[in-house]
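Chain and residue survey
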Amino acid sequence: MPEIKNCPGCGKLYMEIGRKLCADCYDQELRDEDTVAAYLREAGRASLEQICQDTGVKEAVVLRMIRRGRITGGVSYPCEACGRPIEAGRYCPACANQLQQELSALQAANKPAEPKTEAARARDRMHMLR
Ligand SMILES: [Zn+2]
Ligand SMILES: [Zn+2]
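Heads up: these notes are all about the structure in this document. (Residues numbered from 1 in each chain as written. Chains lettered and ligands numbered in written order. Predicted model: local features only at pLDDT ≥ 70, side-chain atom pairs only at ≥ 80, totals over all residues. Heavy atoms only, no water.)

**Details of the coordination of the zinc ion (ligand 2)**
Spelled out, the test is: Sites may look incomplete, because water is not among the atoms used; the donor set itself consists of N, O and S atoms within 2.8 Å of the metal (3.2 Å for Na, K and Ca). Four donors are marked tetrahedral only if all angles between them lie between 85 and 135 degrees, whereas four are marked square planar and six octahedral if opposite donors are more than 155 degrees apart and the other angles lie between 65 and 115; the remainder are marked irregular. Each helix is a run of H or I in the DSSP string that is no shorter than four residues. Each strand is a run of E no shorter than two, and both are numbered from the N terminus. Think of it in three bands: residues with accessible area under 20% of the maximum for their type are buried, residues over 50% are exposed, and the middle band is partly exposed, with areas taken using a 1.4 Å probe on protein chains only.
Donor atoms from the polypeptide that coordinate the zinc ion (ligand 2) comprise C79 (SG), C82 (SG), C92 (SG) and C95 (SG), at 2.3 Å from the metal. Note that the zinc ion (ligand 2) binds four donor atoms; their angles at the metal cover 101 to 118°, and the shape is tetrahedral. We note that the donor set of the zinc ion (ligand 2) lies within a single chain, spaced as C-x2-C-x9-C-x2-C. Placement of the pair is C79 in the loop between β4 (75-78) and β5 (85-86) and C95 in helix α4 (residues 93-110), with a sequence separation of 16 residues. Exposure class is identical for C79 and C95. Each is buried.

This is how it looks when you write it as structure tokens:
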């Protein structure tokens, strides 16, 4: 069942039929992909900034291509956490490591019963007084 949605690319209403963009933006994105692919064949490797500057393709579009695996390797773009240039994933190895550690620390901290809040301790004291 097709749905009427706002295109995330241009904001126009469009009929969603399995694509996340309206026909115009979808065509544009295919053209952009070709442009960037051709550019990378020439350049070998480039930073996200260079690609956007030289091809005029929007940064968000290039990033989407990278995330969807349409571009693999040869492009460096900033780590989402610290901004250091990376060529794969969303974070540099250092940030990925740190996020992983923070995550396991969070999970470890969540396992035992929650530390008592001030209110809970006050309630305990009230019970003892009775
Ligand atoms: Zn659109
Ligand atoms: Zn980083």
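Having seen the model, we can carry on.
**Overview of the sheet that holds β5**
Our working definition: A pair of strands is considered paired only if DSSP assigns at least 2 bridges between the two.
As summarised here, the arrangement of the three strands in space is β3-β4-β5, forming an open sheet in which the pairing is mixed. A single partner strand is all that each edge strand has here, and the edge strands are β3 (46-47) and β5. The sheet contact formed by β4 and β5 spans two bridges and is antiparallel. Of the residues in β5, the one forming a bridge with P78 is P85.

**Some details on the packing of aromatic side chains**
Test applied: Between the rings of Phe, Tyr and Trp (Trp by its six-membered ring), a pair exists once the centres lie within 6.5 Å; its type follows the angle of the planes, with under 30 degrees stacked, over 60 edge-to-face, and the other angles tilted. Should the NZ of a Lys or the CZ of an Arg lie within 6 Å of a ring centre and within 35 degrees of the ring normal, that charge is described as sitting over the ring.
A complete count under the given rule lists zero aromatic pairs for this structure. Geometry around Y26 places R19 over its ring, the cationic atom sitting 4.0 Å from the centre.

**Structural notes on the pairing of strand β1 (residues 3-6)**
In terms of strand pairing, β1 meets strand β2 (residues 13-16) through four bridges, oriented antiparallel. Bridge pairing in β2 places E3 opposite E16. What sits between β1 and β2 in their antiparallel hairpin is a turn of six residues, with G11 showing a positive phi close to 85°.

**Description of the coordination of the zinc ion (ligand 1)**
Protein-derived ligands of the zinc ion (ligand 1) are C7 (SG), C10 (SG), C22 (SG) and C25 (SG), with the metal-ligand distances lying across 2.3 Å. Classification of the site at the zinc ion (ligand 1) rests on its four donor atoms, whose angles at the metal span 105 to 112°, yielding the label tetrahedral. Each donor residue of the zinc ion (ligand 1) belongs to the same chain, and together they define the spacing C-x2-C-x11-C-x2-C. Placement of C10 in the loop between β1 and β2 and of C25 in helix α1 (residues 23-43) is noted, with a sequence separation of 15 residues between them. With a relative accessible area of 15%, C25 lands in the buried category.

**Some remarks on α1**
Each α-helix winds once per 3.6 residues, and so residues spaced three or four apart point in a common direction. Condition: Here, expected helix span is obtained from the residue count minus one, scaled by 1.5 Å. Working definition: the arc comes from the directions between the helix axis and the C-beta atoms, pointing outward to the latter. Residue contacts are defined here by distance: any two heavy atoms, one from each residue, within 4.5 Å place the two residues in contact.
Helix length check: α1 (21 residues) gives 30 Å between terminal C-alpha atoms against 30 Å at 1.5 Å per residue, within 8%. Along α1, the residues that are buried comprise C25, E29, D32, E33, V36, Y39 and L40. With its buried residues spanning 135° around the axis, α1 presents them on a single face. Seen from the open side of α1, the exposed residues pointing more than 90 degrees away from its buried face are D34, R41 and E42. Buried positions along α1 lie against β3, α2 (48-55), α3 (59-67) and β4. G44 sits one or two residues past α1 and shows a positive phi near 85°.

**Concerning the pattern of salt bridges**
Applied cut-off: By salt bridge we mean one thing: a side-chain nitrogen of Lys or Arg within 4 Å of a carboxyl oxygen of Asp or Glu.
Across all of its chains, the model carries 10 salt bridges by this definition. As a salt-bridge pair, K5 and E16 come within 3.4 Å of each other at their nearest N and O atoms. With a gap of 11 residues between them, K5 in strand β1 and E16 in strand β2 connect regions that are remote in the sequence. Taking relative accessible area as the criterion, K5 reaches 32% and is therefore assigned partly exposed. Taking the relative accessible area as the measure of exposure, E16 reaches 14% and is therefore buried. Across the pair E33 and R68 runs a salt bridge, and its minimum N-O distance is 2.8 Å. Of this pair, E33 sits in helix α1 while R68 sits in the loop between α3 and β4, placing them 35 residues apart in sequence. Three or more residues joined by partner-sharing salt bridges are found here, namely E29, E33, R64, R68 and R70.

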